[in-house]
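# Fold and contact review
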Amino acid sequence: MINHSNENTLLDDANSYDVNKELMGAISSDFVKVADQLKEASYQIRKRGFSEHPVFVASRRDVPVGQLLIGVNEVAENQWNYKASFIDEFIQRALIGPESVDLWKENYKNPDEYCCLFVVHGDFAGFVYIPYPED
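Residues numbered from 1 in each chain as written. Predicted model: local features only at pLDDT ≥ 70, side-chain atom pairs only at ≥ 80, totals over all residues. Heavy atoms only, no water.

### Points about the pairing of strand β1 (residues 54-59)
Put simply, side chains in a regular strand alternate between the two faces of the sheet. Quick reminder of the rule: Buried means the residue's accessible area, taken with a 1.4 Å probe over protein chains only, is under 20% of the maximum for its type, while exposed means over 50%, and partly exposed covers the values in between. Under the DSSP-based scheme used, a helix requires at least four consecutive residues in state H or I and a strand at least two consecutive residues in state E, with every element numbered from the N terminus. In this scheme, strands are said to pair when DSSP sees at least two bridges between them.
Taking burial as the measure, the 6 residues of β1 include 6 buried ones, the bulk of the element. Examined bridge by bridge, β1 and strand β3 (residues 81-86) share 6 bridges and lie antiparallel to one another. In the strand pairing of β3, A58 is matched with Y82.

### Remarks on the environment of V128
Tracing the backbone through its elements, the reader meets V128 in strand β5 (residues 124-131). The class for V128 is buried, based on a relative accessible area of 0%. Along the sequence, V128 and I27 sit 101 residues apart, while their C-alpha atoms lie 9.5 Å from each other.

### Some remarks on the packing of aromatic side chains
Note the following rule: Centres within 6.5 Å make a pair out of two Phe, Tyr or Trp rings, where for Trp the six-membered ring is used; the pair is then stacked when the planes are under 30 degrees apart, edge-to-face when over 60, and tilted otherwise. Any Lys NZ or Arg CZ found within 6 Å of a ring centre and within 35 degrees of that ring's normal is scored as a charge over the ring.
Evaluated as defined, the whole model comprises 8 aromatic pairs. Summarising the aromatic geometry, the rings of F90 and F118 are spaced 4.9 Å apart at their centres and angled 70° between planes, so their arrangement reads as edge-to-face. Pair noted here: F90 is in helix α2 (residues 87-92) and F118 is in strand β4 (residues 114-121), with a separation of 28 residues, a long-range link. Side by side, F90 and F118 carry an identical accessibility label, which is buried. Pairing W104 with F127 gives two aromatic rings, centres 5.5 Å apart and planes at 65°, and the pair type is edge-to-face. In this pair, W104 is assigned in helix α3 (residues 101-107) and F127 in strand β5, connecting sequence segments 23 residues apart. By relative accessible area, which is 2% here, F127 ends up buried. Feature note: the residues F90, W104, Y108, F118, F127 and Y129 constitute an aromatic cluster, connected by ring pairs. A cation sits over an aromatic face here: K109 above Y114, 5.0 Å from the ring centre.

Fair warning: the whole summary comes from geometry, so function is off the table for now.
Dropping the structure here:
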């Protein structure tokens, strides 16, 4: 995690070492079940002009960020909830400080190739980028 002067700033330098292998494995194995739906949602969010920076909130419990897109056991017995959101919501909720927006966008990976997940699990909350599976 990268912490800046604003205590409300929450950034991750693209899959930091704070994400342990077990958690990353659990996320990845679930992600492949919903990857096509998330990739299409990302495309639609960008195409319709809602945001150039879609973020999907992945959690096993209900969190008050984003709009539910895929619930637990909705697609091929997935174990995580996936909610659609945008950078604007993270700024409004002070999860990303206004002075860190440019840095966040600079680290944002190509949304045609990578899914930006904000993972909330136990005491971990952070951004994780997972490549979409090759067709």
